[in-house]
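Notes for the structure review
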Amino acid sequence: MLKGEWLEPGQHINAAGSNALSRRELDEAAVKRCDVITVDARGNRAQRMRRSAAGGEKGLLRWDTLTEIGEVIAGRAPGRTSAQQITLYESHGMGIQDLYVGAKMLALARERGVGVDLPVGG
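Heads up: these notes are all about the structure in this document. (Residues numbered from 1 in each chain as written. Predicted model: local features only at pLDDT ≥ 70, side-chain atom pairs only at ≥ 80, totals over all residues. Heavy atoms only, no water.)

All told, the structure shown has two salt bridges when counted by the stated rule. The partner of E28 in a salt bridge is K32, with the nearest N and O atoms 3.3 Å apart. Remark: K32 and E28 occur in helix α1 (residues 28-33); sequence separation between them is four residues, near one turn of the helix. Of the residues examined, E28 reaches a relative accessible area of 19% and is grouped as buried. D117 serves as the salt-bridge partner of R110, at 3.8 Å between the closest nitrogen and oxygen. Considered together, R110 and D117 belong to a single accessibility category, that of exposed residues. (Salt bridge = Lys/Arg side-chain N within 4 Å of Asp/Glu carboxyl O. Helix = DSSP H or I, 4+ residues; strand = E, 2+ residues; numbered from the N terminus. Buried < 20%, exposed > 50% of the residue type's maximum accessible area, 1.4 Å probe, protein only.)

So, in structure tokens, the structure goes:
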């Protein structure tokens, strides 16, 4: 489990989420240290994170203030606004968003000439 005391300014956390507190990835202190928390979708996050996220079960997170990743990608909501912020993307899995983000990252990598093409398939 990732502990809040391990975090440093400027770090980003991608958490895949879990469906039970006994398997959570982050402790309560880690969630409290995050300046920006982005989720795949507020509606299903509120229900799932209440059961699985540190702080969710205690009502420490205000679901209406969480930013959706689609809002950040579309430029309708800010993501990180300072290099010192600790940011968290909490995803419980929405395949269509994963595909979009992957395609966008691949396009940006090719545009910028970074990364390595790896063979896929047999």
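Strand order across the open sheet formed by four strands is β1-β4-β2-β3, with parallel pairing between neighbours. Looking at the sheet topology across the chains shown, the edges are occupied by β1 (12-15) and β3 (67-68). Relative to strand β4 (residues 87-90), β1 is paired through four bridges, and the arrangement is parallel. Directly across from N14, in β4, lies its bridge partner Y89. (Pairing = 2+ DSSP bridges.)

Core analysis: the biggest nonpolar cluster contains 13 residues, and I13, L26, C34, I37 and L88 have the highest contact counts within it. For this core, the elements supplying multiple residues, two or more each, are β1, α1 and β2 (36-39). Setting aside residues no more than four positions away along its own chain, I13 makes contact with L2, L7, L26, C34, I86, T87, L88 and Y89. (Core = buried A, V, L, I, M, F, W, Y, C linked by side-chain atoms within 4.5 Å. Contact = heavy atoms within 4.5 Å.)

In this structure, the largest pocket spans a volume of roughly 520 Å³. Residue lining of the largest pocket: 22 residues in total, with H12, I69, V72, I73 and V101 positioned closest to the centre. Going through the elements one at a time, β1, β2, α3 (69-73), β4 and α4 (95-112) are the ones with two or more residues in the lining of the largest pocket. It is α4 that provides the largest number of residues to the lining of the largest pocket, a total of seven residues. (1 Å grid on protein atoms, 1.4 Å probe; cavity = no way out; pocket = protein on both sides within 12 Å on 5 of 7 lines; lining within 4 Å. Points joined across faces, edges and corners; volume = space filled by probe spheres on them.)

So, on to the pairing of β2. Going residue by residue along β2, you find V36 and T38 tucked away on one face and I37 and V39 tucked away on the opposite face as well. Bridge count for β2 against β4 is four bridges, and the pairing is parallel. Within the sheet, the bridge partner assigned to T38 lies in β4 and is Y89. Here β2 runs beside β3; their pairing, made up of two bridges, is parallel. Paired with V39 across the strands is E68, a residue of β3.

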